[in-house]
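Residues per chain, in single letters:
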Amino acid sequence: MRNCLSLLFSSLFASLVGCYTLSPLPPMDDDDSATDDDDDTFGDDDDSSSDDDDSSADDDDSSADDDDVAGDDDDDVAGDDDDSAEDDCTEASREIFLIGRDSSRLYSFSPNVGLLTLVGALDCSQWAGTPASMGVTRDGVGYVRYAYNEVFEVDLFTADCVPTSYQDTGFDSFGMGYATTAASTTLDTLYVANSDTLGILDTTTWQISTVGSLPSQTELTGTGAGELWAILPLEDPPIVAQLETTSAVFLQTIALPGLPDASVIDTFAFAHWGGSLWIFIRSYGVGNTTDVYQVTPSGTLVLAWPDLGIDVVGAGVSTCAPIVPE
């Protein structure tokens, strides 16, 4: 999930599949460690219903096969009556998906081992600008917002895409991310955020309803434990914050003084996976690619994967992603 800042940032059917494994760096100096303003860290036992199998769902059960498409009862419609907690996830929906700026290539990314795998090249529209943000459903579908605020449905197995009926009626550019409505259900909601407002995008009607106010530009990610998180890189220092899903009130914040200054950030994106928050930042400069930062469950900021090799302009993850470390 990613949002390009208008002042600071530059706005997949491929024949080969490539994998890249990167080498990690040690944690940043203690002076750059993130601090938790509320003495409360994300993913602690009070905020998670995860069990020992490191997943928000049980891998042994499935209520849907891999051919499911967006629009089923569990897929992103706020207020759906289906409160099932069964595992309706596909394998693809357990990974982070990234969009590279070069040729709009779509990748899956395993942050625990630094494995980047090419899916294909997006060819959604030559008139919609460039891809800018992404949300991922539990059944292997990505919703990608393009620069001119058109939204496309993308098959995460093939990178094929079709337009949706979304029309911008004034909400303008937004980042997005799914979160379950509670830790005990697979029912999830697609949240969106522009420069000052948190909303909900209903992918049945393609209408946005307003939730609450935000202080500055943000990008969103959520978990299968019912948590919704935002990164706000324009704050001083930049922060990540857990949001109350019915009001946008900050439930807790973690300061990130070790992140690059907002004035040098070209693009940024954001995703939760394995109990950590993952921040994708490309700084201005010839030859630079995206650096991947990890905010650990204890609130420590680590430069996990420097120079990923691609310029990430969007990150998406579903609520099927693991919510405890693997």
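Quick look at the structure, then. Keep in mind that this is a model prediction, so the values were computed, not measured. (Residues numbered from 1 in each chain as written. Predicted model: local features only at pLDDT ≥ 70, side-chain atom pairs only at ≥ 80, totals over all residues. Heavy atoms only, no water.)

The number of helices and strands found in the protein is zero helices and 22 strands. Out of the 326 residues in the protein, the part that is buried amounts to 58%. Total accessible area computed for the protein in this model is approximately 13,000 Å², and 47% of it derives from carbon and sulfur atoms. (Helix = DSSP H or I, 4+ residues; strand = E, 2+ residues; numbered from the N terminus. Buried < 20%, exposed > 50% of the residue type's maximum accessible area, 1.4 Å probe, protein only. Areas by Shrake-Rupley, 256 points an atom, 1.4 Å probe, with all protein chains shown as cover.)

Within strand S22 (residues 312–316), five of the five residues are buried, which leaves it mostly tucked inside the rest of the structure. Both strand S3 (residues 96–100) and S22 contribute to a ladder of four bridges, which runs antiparallel. When the sheet's bridge partners are listed, Ile-99 is paired in S22 with Gly-314. (Pairing = 2+ DSSP bridges.)

Next up on the list: the pairing of strand S17 (residues 250–255). Where strand S16 (residues 239–243) lies against S17, five bridges are found, and the strand directions are antiparallel. Within the sheet, the bridge partner assigned to Leu-243 lies in S17 and is Phe-250. Linking two consecutive strands that pair antiparallel, namely S16 and S17, is a turn of six residues; a positive phi of about 70 degrees is found at Ala-248 within it.

The next point concerns the nonpolar core. Counting 20 residues, the largest nonpolar core has Ile-96, Leu-98, Phe-109, Trp-278, Phe-280 and Leu-308 as its most contacted members. Counting residues in each nonpolar core, the second largest holds 18 residues, with Ile-99, Tyr-146, Val-154 and Leu-156 among its members. (Core = buried A, V, L, I, M, F, W, Y, C linked by side-chain atoms within 4.5 Å.)

With the rule as written, the count across this model stands at five aromatic pairs. When the ring of Tyr-143 is compared with that of Trp-206, the centres are 5.3 Å apart and the planes differ by 85 degrees; the resulting orientation is edge-to-face. You can see Tyr-143 sitting in strand S7 (residues 141–146) and its partner Trp-206 sitting in the loop between strand S12 (197–202) and strand S13 (207–213), a full 63 residues away along the chain. Here Trp-206 falls in the buried class, since its relative accessible area comes to 8%. Joined through ring pairs, the aromatic side chains of Tyr-166, Phe-171 and Phe-174 make up one cluster. Over the ring of Phe-174 we find Arg-145; its NZ or CZ atom is 5.4 Å from the centre of that ring. (Phe/Tyr/Trp six-rings, centres within 6.5 Å; stacked < 30°, edge-to-face > 60°. Lys NZ or Arg CZ within 6 Å of the ring centre and 35° of its normal.)

Moving on: the pattern of salt bridges. Scanning all chains against the criterion turns up six salt bridges. One salt bridge connects Asp-266 with Arg-282, and the closest N-O pair in it is separated by 2.8 Å. Remark: Arg-282 occurs in strand S19 (residues 276–283) and Asp-266 occurs in strand S18 (residues 265–273); sequence separation between them is 16 residues. Judged by relative accessible area, which is 1%, Asp-266 ranks as buried. Given a relative accessible area of 10%, Arg-282 falls into the buried group. Each of the salt bridges in this network shares a partner with another, and the network as a whole consists of Arg-101, Asp-266, Arg-282 and Asp-311. (Salt bridge = Lys/Arg side-chain N within 4 Å of Asp/Glu carboxyl O.)

To continue, consider the sheet that holds strand S9 (residues 161–163). With respect to topology, four strands assemble into an open sheet ordered S6-S7-S8-S9, the strand pairing being antiparallel. Whereas interior strands pair on both sides, the edge strands pair on one side only; in this sheet they are strand S6 (131–136) and S9. Strand-to-strand twist across the sheet, computed as the mean angle between neighbouring axes with direction ignored, equals 30 degrees. Sheet topology note: the S7/strand S8 (residues 151–155) ladder contains five bridges and is antiparallel. Of the residues in S8, the one forming a bridge with Val-144 is Phe-152. (Axes fitted to C-alpha atoms, helices over the stretch in contact; angles between N-to-C directions.)

Overall, antiparallel pairing links the four strands, which are arranged S10-S11-S12-S13 in an open sheet. Bordering the open sheet on either side are strand S10 (175–180) and S13, each of which pairs with just one other strand. Each adjacent strand pair in this sheet contributes to an overall mean axis angle of 30 degrees, direction not counted. Here six bridges tie S10 to strand S11 (residues 188–193), and the two strands are oriented antiparallel to one another. Across the sheet, Gly-175 pairs through a bridge with Ala-193, a residue of S11.

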